[in-house]
Amino acid sequence: MFLKNNKNNSLFNNINNLDYIEGRSLFDDAKRRFLLNKAAMISLLLLTLIVLFSFIGPFFSQWTNEEIDWNALGNISTLGKPSISTGHFFGTDELGRDLYSRVLQGSQISLMVGFVGALIAVVVGTIYGTIAGYFGGKVDSIMMRIVDVLMSIPYMFVLIILMVIFERSVILLFIGIGLISWLDMARIVRGQTLSLKNKEFIEASIAIGVKNYIIIVKHIVPNLLGIVAVYATLLIPGMIITESFISFLGLGVQEPLTSWGALISEGARTMQYGTLWQLLFPLSFFIVSLFCFYFIGDGLRDALDPKDR
Amino acid sequence: MIYFIIRRLAVSIPTLLILIILSFILMYSAPGGPFTSERPLPPQVLANIQAKYGLDDPLWKQIWDYTYGIIFNFDFGPSFRYKDRSVNDIIAQGFPVTLTYGTWSFIVAVFFGCSLGIIAAIRQNSWLDYFAVGVSIGAQVLPNFVLAPILVLVFTLLLGWLPGGGWNGGQWQCIVMPVIALSTSYMASIARLMRSSMLEVLNSNFIRTAKAKGLPVKLIIFRHALKPSLLPVISYLGPAFVGMITGSVVIDLYFSTGGIGLHFVNGALNRDYSTIMGITILVGILTITFNLIVDILYAWIDPKIRY
Amino acid sequence: MKIMKKLIYIIFATSFFLGSLANAAGTHPKTGEALNNDQTFVYWALDEHSSLDPQIVEDVSGSDIIRNLFEGLMNQDADGNLIPGVALGFSTNEAKNVYTFNLRKNAKWSNGDTVTAHDFVYAWQRAVDPVTASPYSWFMEIMSIENGAEIISGDKTPSELGVKALDDFTLEVKLSASLPYFANMVTHATTFPTHKNTVETHGSNWTRPENMVSNGAYKLTEHVINEKVVYERNPMYWDNNNTILEKVTSLVINSEDQGLTRYLAGELDKGPVPAGQFKRLKKEYPDQAVSFPRLCNYYYTFNLSESGIQAFKNVRIRKAMSYAIDRNIITENVLGAGQIPAYTFTPGATAGFEVPDVDYAKMSQTERDAKAKELMNSTIYGPDNPLKFTMIYNTSEGHKKIAIAMTQMWKQKLGIEVELNNMEWKTFLDIRGKQDFEIARGAWCGDYNEASTFLDLLTTPSGYNDGKYSNKMVDKLMSEAKTSDDANPNYTKIEKMLAEEMPVIPIYHYAGVFMLNPTLKGWPFDNVEQNWYAKDLYKVAK
């Protein structure tokens, strides 16, 4: 009754060579779902292109990011326009400096700020929030009161004092941004944890005797990742804007270095004076990156949601 | 629950005290003082001024006097920069302004944000989803220091419909543009949080049961799905509301509304210690209160949450 | 026919009547111009003022308001010359250290009380009283009134101040040193009278609109912090009949660009010109954009004290850096609003000051650049050993642009590498005041219209000399100048010495720049101190 055909023959031959078949983990499923999400993949591609452009683009620029074009100075609205002939592909800023190289250099700084800030927020905020939410009671109370105090402290003074202590550096910028970025995330994560820890599967894990930290790492955190991913991508543009405020105070990025936030605020000031390109170029980069981050965040959430079919 | 609230209120007093002490120390550590100026004051004059404002007392005594003054006299002290005004005056004038346009912005942002988020979630991955998300992102994309001058250019210079700034005691024409500029910053965040958490809820078993039972969509959303999906949104809204009220510096700057956001930043830059402390305490009280309200709402939303 | 005629008459009469209504505001008594029906003036203020108490105010926007609410002994006319205020005139003795002011008898406070010499005595004593703790008591000190300095330091009581009311309408002031220009100083807000009864009844609340009693052409009617100040005609003012503007409003708008937008939208009569926009605005609105010289300078100071860097102790490096700056590019291309390139520390617009011939001012920029390179090459620094230092300035768009232009000029011409460092105001003052810098931005506006207000800064004992420049010759020449009849030769010598030693790099002298509604007339453009009085302004019919 055992029919002899090719399929059975090959199966028969393979039985002796059976290797352990790799199982498919839940993260693999998530990865596959993410890769199928068109909007997220396009965004990832676009974002990678922007990052590459910001590092390779400067090789094509004819001006450095700090050189003043003395000819254009004083007549920016006429002589500072974007053009291939003068070498100012994106035009010049108010002082006659090449906007193309400035936007690219600004991209490097802003993207770094965004990533590092989001990373600190995600790591510190998630750990802090899950511990507070999971253990509850006094631990939660103390941890959350600390968050309350940190949220209310005049942030500007912390920055000013940091500036005095550390002089200035871009590293300091990251510290400053990291200090506030995790607070909101911690609160959101704590809220979700409070809700999650009462679910039946957690109850079951505790009943079996699984250790607390394993529950947190293996059960709670993966279920939080969706919201965390969404919120992290919401944080990034906020951080880029905060960075421009910090540099305005004299901390962080100093002239001639610049960032998207600084370029956009300068462009916004001069938009009624006939130099719209000063606003449009940095703003477009910012907006495109923003959209990319959002779609990636949504893609991550959709991919990581175990119930989404 | 009542015990929880009482316990929380009891804890908030030491929290505020720690906030006051930390802020005092931070303020004094920053270089410069309220009377550092381009024309440095002759030493005797400086000594006179510092004696008048009690700035020559040791730090602990200043903190003590200050806290005492607040608890028993509700007096936040004189402003060091605006010599004709006390901090009570400044807060009494600025806080209602910020509260008014902050609350309106909040209502607008929540209404539109939640609606767009819910629509996007119901019709996930359809063009309606992308449209709703796109609209809310489009509203947030322009940072408010770009949006504010654009609004003034369009509505005041070009069309002449609205005054370019000022507050005029709360005239509605002066509220419109600040509300637009402020609410758009939050709309996208609310919409996306709403969408993602609503999606998670919509995929759960009890919703599947409801659908199987044949309940109409509206009933499913509003009676069953809305409450659980509000959890992360509310976590965000608590600090966001406080942030909207106190962090609206850009709005105050561009629309000359006289709110406390700008007072605070100017106070910090001018080292106006008493104004800074006054507003910090205000922010602290608001933060504690709203975080408490958010925690209470958690318990209402998810009956399993117990403190 | 008859009906037609009647109609025509009626139409004529009505239009005559309406026409006269349109001109009901009348004409200006002196110039005969037709006046506008709307005599209100709305002007822009960058920041909220510090106080409306004359003895406590310390900023320009506050002084502007106080000058309209109160009146001092003397006023200034449109050219900056002294004219009678509350005082009809004054006389002084040979030694110029006793001044006697004769007050008019019809000057009244807004509540009907007469303004007397006792009000001035009260105000001036209050200004030096340590209890008042006035941030401007140093101004009273430079006025050199007898015992002023001692009262401020607490060694004597305020009643010992060298000012006395000989009778209700005669004020006698005794000075501890001879000051020929003393009378110029009584136009300043700190010397304005205050109403004793009001101050003592209401304490620090006396400056509220409902409590304030003032003696100027206007009365305070509304004040919302960070939003606006409104003041209206004071009918009790002795010269009220000549006041034309009914109501003046000052709007606080923290952003220059917003201020310009609202000016163009018609909400302001006087608005700001953001840096770099003057040329364009002058082209589009030629009769509204104005620019005129002002009594302020802008410079960068080297730190010449112990904590400064070695390179800056070398005069050749300092001169090279100063020569390499193309001041014309800064004033015409970066600022472009009529500012004047500066080769001396004192602005040329200062009364009685003759701008001395300083040699590097006479060279062309190419010559200066060549000289700069030559000087630089004679030192150890050059393209293979670039000079490096940090340059600090306080946060502002305008300062940033100038600093960037300067560093680029130095980099291209002399190979210098500068690290720019901008700080918010208080931190900047703190750091500069402690000599914790290498080269820092500075600016100075004259307290009175005479060169010593600038040059005093560079003397050794000056508390404002943050670069710690010290030259005994300069100190000697300055103290001689105080008592001499013609101080100009000394000033010229000092400026020449400054050009030789270059302790500071003068960049430009200020120009007053703003947008002004062309129907507003009477603005004192020739007054370099910009002491304007709303009672001298009026609006003409369009």
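Only a predicted model underlies this, so the values are computations on that prediction, with no experimental measurement involved. (Residues numbered from 1 in each chain as written. Chains lettered and ligands numbered in written order. Predicted model: local features only at pLDDT ≥ 70, side-chain atom pairs only at ≥ 80, totals over all residues.)

### Topic: the overall build of chain A
Within chain A one finds twelve helices and zero strands. Seen in sequence order, chain A has helices and strands lined up from the N terminus as α-α-α-α-α-α-α-α-α-α-α-α. A globule of 309 residues ought to have a C-alpha radius of gyration of about 19 Å, yet chain A, at 26 Å, is considerably larger. Within the span of chain A, comprising 309 residues, buried residues form 49% of the whole. Across chain A, the fraction of contacts at a sequence separation of at least 24, relative to all contacts at a separation of at least 6, is 73%. (Helix = DSSP H or I, 4+ residues; strand = E, 2+ residues; numbered from the N terminus. Rg over C-alpha atoms; globule rule 2.2 N^0.38 Å. Buried ≥ 20, exposed ≤ 12 C-beta atoms within 10 Å, placed from the backbone. Contact = placed C-beta atoms within 7 Å.)

### Here's the deal with the overall build of chain B
Each helix and strand in chain B was counted, giving twelve helices and zero strands. Mapped from its N terminus to its C terminus, chain B presents α and β elements in the order α-α-α-α-α-α-α-α-α-α-α-α. Viewed in the frame of its principal axes, chain B has a C-alpha envelope of about 85 × 55 × 30 Å. For chain B, the proportion of its 307 residues judged to be buried stands at 50%. Of all intrachain contacts in chain B linking residues separated by at least 6 positions in sequence, the fraction that spans at least 24 positions is 71%.

### Remarks on the interface of chain C and chain B
Between chain C and chain B, the residue contacts involve 43 residues of the former and 42 residues of the latter. Of all the secondary structure elements, the ones that give two or more residues to the side of chain C that touches chain B are α4 (137-142), β10 (247-252), α7 (256-264) and α14 (425-433) of chain C. Ranked by residues supplied to the side of chain C that touches chain B, first place goes to α14 of chain C with seven residues.

### Quick word on the sheet that holds strand β7 (residues 170-174) of chain C
In a beta sheet, neighbouring strands are held together by backbone hydrogen bonds and run either parallel or antiparallel to one another. All names here are of chain C. Strand order in the open sheet formed by four strands is β4-β5-β7-β6, and the pairing between neighbours is antiparallel. The sheet terminates laterally at β4 (87-92) and β6 (163-167), the two strands that pair on one side only. Across the sheet, the axes of successive neighbouring strands diverge by a mean angle of 20°, strand direction being ignored. Sitting on the sheet, helix α3 (residues 117-128) is in contact with β5 (98-103), β6 and β7, with an inclination near 170° to β6. (Pairing = 2+ DSSP bridges. Axes fitted to C-alpha atoms, helices over the stretch in contact; angles between N-to-C directions.)

### Here's the deal with the packing of helix α4 (residues 87-122) of chain B against helix α11 (residues 260-270) of chain B
All names here are of chain B. Close contact between α4 and α11 brings their axes to 8 Å; oriented N to C, the two are set at 130°. One element, α4, and the other, α11, form an angle in the oblique class. Where α4 abuts α11, its residues I90, I91, G94, F95 and T98 lie against I260, G261 and H263. (Parallel < 35°, antiparallel > 145°, perpendicular 65-115°, else oblique.)

### Some details on the pairing of strand β1 (residues 40-45) of chain C
Residues and elements named next belong to chain C. The buried count for β1 comes to five of six residues, which makes it a mostly enclosed element. Here six bridges tie β1 to β10, and the two strands are oriented parallel to one another. Looking across to β10, one finds that T40 is bridged to K247.

### Comments concerning the interface of chain B and chain A
Contacts between the two partners involve 46 residues from chain B and, on the opposite side, 42 residues from chain A. Of all the elements in the fold, those that place two or more residues in the side of chain B that touches chain A are α1 (2-29), α5 (127-141), α6 (144-158), α7 (172-202), α9 (217-246), α11 and α12 (273-301) of chain B. Looking at which element gives the most residues to the side of chain B that touches chain A, the answer is α1 of chain B, with nine residues.

### Some thoughts on the environment of V265 of chain B
Considering the arrangement of structural elements, one finds V265 of chain B in helix α11. Distance from V265 of chain B to V249 of chain B, taken between C-alpha atoms, is 7.3 Å for residues 16 residues apart in sequence. Residue contacts for V265 of chain B: discarding those within four places in its chain leaves M156 of chain A together with V249 of chain B.

### A short note on the packing of helix α5 (residues 99-135) of chain A against helix α6 (residues 137-152) of chain A
Residues and elements named next belong to chain A. At a closest axis distance of 6 Å, the pairing of α5 and α6 adopts a crossing angle of 140°. Classified by the interaxial angle, the pair formed by α5 and α6 is oblique. In this structure, α5 contributes Y128, A132, G133 and F135 to the contact, and α6 contributes G137, V139, D140, M143 and M144. Looking at side-chain class alone, the contact of α5 with α6 contains six nonpolar, two polar and one charged residues. (Nonpolar A, V, L, I, M, F, W, Y, C, P; charged D, E, K, R; others polar.)

### Looking at the nonpolar core
Among the nonpolar cores identified, the biggest contains 163 residues, and V273, A320, A324, A405, L455 and I507 of chain C are the most heavily contacted of them. Considering every element that reaches this core, the biggest residue donor is strand β17 (residues 504-516) of chain C, with nine residues. Other than its neighbours up to four places away in sequence, A320 of chain C contacts A372, L375, M376 and L414 of chain C. By size, the runner-up hydrophobic cluster in this structure holds 149 residues, among which are I120, A132 and I246 of chain A together with V133 of chain B. (Core = buried A, V, L, I, M, F, W, Y, C linked by C-beta atoms within 7 Å.)

### Brief notes about the confidence of the model for chain B
Keep in mind that low pLDDT regions are not for reading the predicted coordinates in detail. The predicted model of chain B averages 83 in pLDDT, with 99% of residues at 70 or higher. Interface confidence in the predicted complex, given as ipTM, is 0.82; pTM for the same model is 0.83. (pLDDT = per-residue confidence, 0-100.)

### Some thoughts on helix α16 (residues 472-483) of chain C
All names here are of chain C. Among all positions of α16, only V474, L477, M478 and A481 are buried. One side of α16 carries all its buried residues, which in axial view fall inside an arc of 100°. Relative to its buried face, α16 has exposed residues pointing more than 90 degrees away, namely K472, K476 and E480. For α16, the secondary structure elements touched by its buried residues are α15 (452-455) and α17 (488-501). (Arc of directions from axis to C-beta.)

### Focus on unusual backbone geometry
Residues and elements named next belong to chain C. If you check the backbone angles, S144 has positive phi at about 60° while not being a glycine. Note that S144 resides in the loop between α4 and α5 (148-152). In this structure S144 comes out as buried when scored by C-beta crowding, with 20 C-beta atoms within 10 Å. With a phi angle near 60°, Q435 is a residue other than glycine that sits in the positive phi range. Relative to the elements of secondary structure, Q435 occurs in the loop between α14 and β16 (439-445). Judged by local crowding, Q435 falls into the partly exposed class, with 16 C-beta atoms found within 10 Å.

### A closer look at the confidence of the model for chain A
Residues at a pLDDT of 70 or more form 92% of chain A, whose mean pLDDT is 81. The secondary-structure element of chain A with the lowest mean pLDDT is helix α7 (residues 155-166) of chain A, recorded at 72, while helix α9 (residues 200-208) of chain A shows the highest, at 89.

### Side note on helix α12 (residues 277-304) of chain A
With 28 residues, α12 of chain A extends 40 Å from end C-alpha to end C-alpha; this agrees with the ideal 40 Å at 1.5 Å per step. Among the 28 residues of α12 of chain A, 23 are classified as buried, and the element is accordingly described as predominantly covered. (Expected span 1.5 Å × (residues − 1).)

### With respect to the pairing of strand β14 (residues 388-394) of chain C
All names here are of chain C. When β14 meets strand β15 (residues 417-423), the two strands line up parallel, connected through seven bridges. Each bridged residue has a counterpart across the sheet, and for N394 the counterpart in β15 is M423. The β-α-β motif built from β14, the intervening helix α13 (residues 397-414) and the parallel element β15 has right-handed crossover chirality. (Right-handed = clockwise from strand over helix to strand, strands pointing away.)

### A short note on the environment of L276 of chain A
Residue and element names in this part refer to chain A. Checked against the element boundaries, L276 lands in the loop between α11 (260-269) and α12. Looking at L276, the number of C-beta atoms within 10 Å reads 16, which means it is partly exposed. Sequence separation between L276 and K81 is 195 residues; the distance between their C-alpha atoms is 9.4 Å.

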